[in-house]
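Letter by letter, the chains look like this.
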Amino acid sequence: MRKLLIGLLAVVLAMPAALAETITLDGTVVSTKTVPVVAPAAGVLYQVYVHEGEHVSAGDEAAALYAQPVYAEQAGTVKVFGTEGESVEALVSRYGAVLYIEPDCQYTVSTSTRYAYDVEENKIIHPGETVYLRCTTSGSTHEGVGRITSVSGSSYTVEITEGAFESGENVYICRSEDYATSSRIGRGTVSHVSPVAVTGLGTGRVSSIHVADGAHVEIGDALFDTVLVDTASSYAMISEVNGTVAEVLAMSGSAVSQGMVVANIYPDEAMRLEIAVSENDLRDMGVGARVTIEFTSGETAEGEIDWISSVARVSEDEEDDTVYFKAYVRFDAPETVRYGMTAKVTTVGE
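Residues numbered from 1 in each chain as written. Predicted model: local features only at pLDDT ≥ 70, side-chain atom pairs only at ≥ 80, totals over all residues. Heavy atoms only, no water.

How should the packing of aromatic side chains be read in this particular structure?
Each aromatic ring pair is specified by the distance between its two centres and by the angle formed by the two planes. Summed over the entire model, instances satisfying the criterion amount to 6 aromatic pairs. Consider the rings of tyrosine 46 and tyrosine 66, whose centres lie 6.4 Å apart with planes at 45°: the pair is tilted. In this pair, tyrosine 46 is assigned in strand β3 (residues 43-48) and tyrosine 66 in the loop between β5 (61-65) and β6 (68-71), connecting sequence segments 20 residues apart. Classification of tyrosine 46 as partly exposed rests on a relative accessible area of 47%. (Phe/Tyr/Trp six-rings, centres within 6.5 Å; stacked < 30°, edge-to-face > 60°. Helix = DSSP H or I, 4+ residues; strand = E, 2+ residues; numbered from the N terminus. Buried < 20%, exposed > 50% of the residue type's maximum accessible area, 1.4 Å probe, protein only.)

When you look at the sheet that holds strand β7 (residues 76-80) in this model, what are you seeing that I'm missing?
Within a sheet, adjacent strands bond to each other through the backbone by hydrogen bonds, running parallel or antiparallel. Overall, antiparallel pairing links the 4 strands, which are arranged β15-β8-β7-β17 in an open sheet. The open sheet has two free edges, formed respectively by β15 (196-198) and β17 (216-217), since each of these has just one partner strand. Sheet topology places β7 next to strand β8 (residues 99-103); 5 bridges connect them, and they run antiparallel. If you follow lysine 79 over to β8, its bridge partner there is tyrosine 100. (Pairing = 2+ DSSP bridges.)

Whenever I open this one, the pairing of strand β22 (residues 261-267) confuses me. Can you help?
Regular strands show a simple pattern: their side chains alternate between the two faces of the sheet. β22 sits mainly inside the fold: 5 of its 7 residues count as buried. Relative to β22, strand β20 (residues 243-248) runs antiparallel, the two sharing 5 bridges. Across the sheet, threonine 244 pairs through a bridge with tyrosine 266, a residue of β22.

Even after reading the chapter, I still don't get the nonpolar core, so can you show me in this structure?
Across soluble globular proteins, nonpolar side chains have a tendency to be buried as a group. In terms of nonpolar packing, the biggest core is built from 23 residues, with Leu273, Ile275, Met285, Ile293, Phe295, Ile305 and Val329 touching the most fellow members. At the level of elements, β1 (24-31), β23 (271-278), β24 (290-295), β25 (300-308), β27 (323-331) and β28 (342-347) are the ones that each hand at least two residues to this core. Each residue touching leucine 273, except ones within four places of it in the same chain, is listed here: Gly27, Thr28, Val29, Ile293, Phe295, Ala327, Tyr328, Val329, Phe331, Ala343 and Val345. With 18 residues, the next largest nonpolar core counts Val37, Ala39, Val48 and Ala250 among its residues. (Core = buried A, V, L, I, M, F, W, Y, C linked by side-chain atoms within 4.5 Å. Contact = heavy atoms within 4.5 Å.)

Dropping the structure here:
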């Protein structure tokens, strides 16, 4: 009899564990972390490349600030000092420009109609006119051709396009190819043209350079692009993680300030199921507890509770005074699982 009582007592003591019920709770797919994509500086968004709900990979370009193109206003040979990513202000301070253009036409004559042959038509100067130059310096007899490039009242400038002139030489400027005195519209001194400094807007950073050092450019050729940034960051805004775009907060053409969040991304590794565990179930659903997951859409997975809040929250149902604790379940998500999907989370019996 004693042995029978001991056996029955052992069975009774074992019954709670054997008869322990599984616990099933509702869960929702959420992210425990958000990684922002921020504007590196104030400016205008050239393009936003991502869309809400889109999956992106680390290194993908999410958005970019507007790049300001700079074009050649002078034909000639370039000397490049800038490199991509450098500060325009620093380049101008050190070299005077991002790059220089050595003009094809290296000499000019600045003069006026003061020394023109005294007829009315010789005192009316037209930009773009072709004129003929003859050196008047003692001992020199060479000639050449020029083009009037600017006119201001009676003053004008001639760009020398042909002829072996030197700085300091004096020349007559005539409309007639035979240098007839009656066609003379002025007299001036030859000056060497300095290389043209190109700085763009003079601020921001060089985002790209389109010409090589020593290359020849024509008027209108693209030289380089700048962006209005004042940090060492690239004008391109890159996703730092593999994840899903949670929200896009700006669109192409929007003005942004430095540090402004353009988009938020949910990292793949932060995907969790959020559940609410009652205080009565904490013993059976503590951190580390294994669970099975059945999504409403039919997919299944296994998981583990990896975090439980230390702060309680009360049910919003006025008739339910149960105290709950928010918890997260880590799981290997099937490819078809999306944020906001629902599932049943069930404890795994021992």
